[in-house]
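These are the residues of each chain, in order.
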Amino acid sequence: MNYMPGTASLIEDIDKKHLVLLRDGRTLIGYLRSIDQFANLVLHQTVERIHVGKKYGDIPRGIFVVRGENVVLLGEIDLEKESDTPLQQVSIEEILEEQRVEQQTKQEAERLKVQALKERGLSIPRADTLDEY
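Remember, it's a predicted structure, so these values are computed and weren't measured experimentally.

## Re the overall build of the protein chain
- Assigned secondary structure in the protein chain consists of 1 helix and 6 strands.
- If you list the helices and strands of the protein chain from N to C, you get β-β-β-β-β-β-α.
- Sorting the 133 residues of the protein chain into buried and exposed places 23% on the buried side.
- At a minimum sequence separation of 6, the contacts of the protein chain that also span at least 24 residues come to 46%.

## Regarding the side chain of Thr27
- Note on placement: Thr27 falls in strand β2 (residues 27-35).
- With relative accessibility at 10%, the residue Thr27 sits in the buried group.
- Not counting the four nearest positions on each side in its chain, Thr27 is found in contact with Leu19, Val20, Leu21, Val47, Glu48 and Arg49.

## Concerning the nonpolar core
- Listed in full, the 10 residues of the largest apolar core are Leu10, Val20, Leu22, Leu28, Leu32, Ile35, Leu41, Leu43, Phe64 and Val66.
- When contributions to this core are tallied by element, the ones reaching two or more residues are β1 (17-22), β2, β3 (41-52) and β4 (55-66).
- Here the element with the most residues in this core is β2; it accounts for 3 residues.
- Sequence-distant contacts of Leu22, defined by excluding residues within four places in its chain, comprise Leu28, Val66, Asn70 and Val72.
- Core analysis: the next-biggest nonpolar cluster, separate from the first, contains 5 residues, Ile50, Val52, Ile59 and Ile95 among them.

## So, the sheet that holds strand β5 (residues 71-76)
- The strand order across the open sheet built from 6 strands is β5-β1-β2-β3-β4-β6, with neighbouring strands paired in mixed fashion. Single-partner strands in this sheet number two, and they are β5 and β6 (88-89).
- In this structure, β3 lies alongside β4, joined through 10 bridges in antiparallel fashion. In the sheet register, Ile50 faces β4, and the bridge partner there is Gly57.
- Lying on the sheet, helix α1 (residues 92-119) is in contact with β3 and β4; it crosses β4 at an angle near 100°.

## A short note on the pattern of salt bridges
- Evaluation of the coordinates by the stated rule reveals 10 salt bridges.
- A salt bridge links Arg49 to Asp58; its shortest N-O distance comes to 2.7 Å.
- Judged by relative accessible area, Arg49 falls into the buried class, the value being 19%.
- Connected via shared salt-bridge partners are Lys55, Glu94 and Glu98.

## So, unusual backbone geometry
- Positive phi, normally seen in glycine, also occurs at Asp15, with a value near 70°.
- As for its position among the elements, Asp15 is in the segment before β1.
- Take Asp15: its relative accessible area is 47%, and that puts it in the partly exposed class.
- We note that Gln45 has phi near 55°; this positive angle belongs to a residue other than glycine.
- Mapping Gln45 onto the fold places it in strand β3.

What counts and what doesn't
- Residues numbered from 1 in each chain as written.
- Predicted model: local features only at pLDDT ≥ 70, side-chain atom pairs only at ≥ 80, totals over all residues.
- Heavy atoms only, no water.
- Helix = DSSP H or I, 4+ residues; strand = E, 2+ residues; numbered from the N terminus.
- Buried < 20%, exposed > 50% of the residue type's maximum accessible area, 1.4 Å probe, protein only.
- Contact = heavy atoms within 4.5 Å.
- Core = buried A, V, L, I, M, F, W, Y, C linked by side-chain atoms within 4.5 Å.
- Pairing = 2+ DSSP bridges.
- Axes fitted to C-alpha atoms, helices over the stretch in contact; angles between N-to-C directions.
- Salt bridge = Lys/Arg side-chain N within 4 Å of Asp/Glu carboxyl O.

Encoded structure:
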């Protein structure tokens, strides 16, 4: 196997099933159909996989174009081991409800943390007030 620099090394992975972790935390699974010099990806038969605890749900997304700067991780899925997972697949509605409950729990914990710090005379700047630099 010869070394190819940059995204050219991914040409061998065209038409294989991949997992893509995005910068916003979403997980996509689909067949890699195209890639360019900026690592922009085209995924086919894509599903968005949502994990909550030991459960997961897949939301069908179809053809998905991903801008390269949003890719955190790209990995090929071993089709032979794909079904060997300790996770339980549930319906889309169930996983979305569990995700909503998990997010509410995290927000409440964060609110309590900020309140405890405020009582001690400390404060954490909100993420939306921070500079991007």
